[in-house]
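# Close look at the chain arrangement
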Amino acid sequence: MKTIISTKPDEPNFQLFKNFPKSIYPVSGNRFLIPETINEDFLKSGYMLMQDGKVMARAALYDNPYLTFNGKKSWCIGNYEAVDDATAGSDLLRNMLSVARANGAEYVIGPMNGSTWDNYRFGTEQNQPDFFTEAVHHLYYNDHFLKAGFAVIAQYHSNISEIPTVFDPEIAKRDVDLANAGVVIRPINLSQYELELEKIHEFNSFAFGQNFLYTPITKGAFIKKYLPVKTLLNPGYTLIAEDADGAMIGYYLCMDDLFNQTQKSLIFKTLVRHPDPKWRGLGHVMGNRIYQKAILDGYETFIHPFIYNNGTSVNLSKDFSGRRLKNYVLYGKKIS
């Protein structure tokens, strides 16, 4: 007999919710190299579908008050894990859709662990090795969401490139032009890392505002989220750009692919630049500097992760010889 139970972090059976992934992934695999996060700021409840005393599927239901899709109040389902049983998975998802509808949601998006600041999207093929920062999950999760009536609302991809044989002279020229305009591109200052995070948070609030499904994050939550990242950053590959007055106009955050044990691989994790047209080309300039240093330091491959198919980073990746590595999707379902 199947039953669905709800749970929250302060309840005893929440540990069962947290421990379930250990039963469906190899303990020594990549799934557990990156700690799972549960966004308790937006968490409504965790849900588990049980059969004969065993968890068959689990997921968290989130009410992010800032999240909308096509003008509709949207909740999201994240932290999804399940055995290879599409009926059990889709039954759990349908139950959660009913809960969201009863609480006033008009649309549900998933997988999304509360916001785009957290893990979201499913990969659609697993013919390539996992890379660091990529969420590890079973491919059949896509079938569970589709069976529950979800449809694709956004597509993403990750690209990979090797060492370019020629660097674009136009990028070098733009680098000089920006320098003549007073732009300073500097490494992140890890000795004042928390202060740097405060500046980045303020800049993000402005620069990310028009991004697909963007919702704000408090300064405290942002700093808490990114403080642990400090140990993963090499200042030579995390650059901050400032205008002549010292105001931030962009940054590029990169880190090593810790999953790649056969070669030195660099992940171009996050690029953000000021939307003013006068700073056009800044992303190329910072990327060019990082590429040149990384090649001298012996890096062989470069990953451009999680590019929104309709976003501005598509051309940037192509300009640095990016070719398709993996594809991802995000699902949604109208419920009222």
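The structure this text deals with has already been given above.
A brief report on the enclosed structure follows. These numbers come from a predicted model, not from an experiment. (Residues numbered from 1 in each chain as written. Predicted model: local features only at pLDDT ≥ 70, side-chain atom pairs only at ≥ 80, totals over all residues. Heavy atoms only, no water.)

### Considering the environment of Pro 275
Along the chain, Pro 275 turns up in the loop between β12 (265–273) and α7 (282–296). As for Pro 275 and Gly 29, which are separated by 246 residues in sequence, their C-alpha atoms are 40 Å apart. (Helix = DSSP H or I, 4+ residues; strand = E, 2+ residues; numbered from the N terminus.)

### Side note on the side chain of Ser 317
By the secondary structure assignment, Ser 317 is in helix α8 (residues 313–319). A relative accessible area of 4% places Ser 317 in the buried class. (Buried < 20%, exposed > 50% of the residue type's maximum accessible area, 1.4 Å probe, protein only.)

### A look at the pairing of strand β6 (residues 107–110)
Going residue by residue along β6, you find Tyr 107 and Ile 109 tucked away on one face and Val 108 and Gly 110 tucked away on the opposite face as well. In terms of strand pairing, strand β5 (residues 72–82) meets β6 through three bridges, oriented parallel. Residue pairing in the sheet places Cys 76 in a bridge with Ile 109 of β6. Crossover connection from β5 via helix α2 (residues 86–102) to parallel β6: handedness right-handed. (Pairing = 2+ DSSP bridges. Right-handed = clockwise from strand over helix to strand, strands pointing away.)

### Here's the deal with the pattern of salt bridges
Summed over all chains, the structure comprises 14 salt bridges. Notably, a salt bridge pairs Arg 31 with Glu 81, separated by 3.0 Å at the nearest N-O pair. Linking Arg 31 in the loop between α1 (14–19) and β2 (43–51) with Glu 81 in strand β5, this pair joins segments that are 50 residues apart in sequence. With relative accessibility at 11%, the residue Arg 31 sits in the buried group. A relative accessible area of 4% means that Glu 81 is categorised as buried. A salt bridge links Lys 293 to Asp 297, with the nearest nitrogen and oxygen atoms 3.1 Å apart. When its relative accessible area of 33% is taken as the criterion, Lys 293 is described as partly exposed. Of the residues examined, Asp 297 reaches a relative accessible area of 32% and is grouped as partly exposed. (Salt bridge = Lys/Arg side-chain N within 4 Å of Asp/Glu carboxyl O.)

### Examining the nonpolar core
Grouped together as the largest cluster of nonpolar side chains are 85 residues, with contacts concentrated most on Ile 77, Tyr 80, Ile 109, Phe 150 and Leu 330. Ignoring any residue separated from it by four or fewer positions in sequence, one finds Ile 109 in contact with Leu 67, Phe 69, Ser 74, Trp 75, Cys 76, Ile 77, Ile 153, Leu 213, Leu 330, Tyr 331 and Gly 332. Core analysis: the second largest hydrophobic core is formed by 23 residues, Ile 171, Tyr 237, Leu 239 and Phe 268 among them. (Core = buried A, V, L, I, M, F, W, Y, C linked by side-chain atoms within 4.5 Å. Contact = heavy atoms within 4.5 Å.)

### Regarding α7
Counting along an α-helix, one turn takes 3.6 residues, and residues three or four places apart therefore face a common direction. For α7, built from 15 residues, the straight-helix expectation of 21 Å at 1.5 Å per residue is met to within 8% by its first-to-last C-alpha distance of 22 Å. Within the sequence span of α7, burial applies to Leu 282, Gly 283, Val 285, Met 286, Gly 287, Asn 288, Ile 290, Tyr 291 and Ala 294. Directly after α7, the chain includes Gly 298, whose backbone phi takes a positive value near 95°. (Expected span 1.5 Å × (residues − 1).)

### Digging into α2
The terminal C-alpha atoms of α2 lie 24 Å apart, and with 17 residues this matches the ideal 24 Å at 1.5 Å per residue to within 8%. N-capping of α2 is provided by Asp 85, with a side-chain oxygen placed 3.1 Å from the backbone N of Thr 87. Directly beyond the C-terminal end of α2, a positive phi value near 100° is found at Gly 104. (Polar contact = N/O pair within 3.5 Å; in protein donor to acceptor, adjacent residues only side chain to side chain.)

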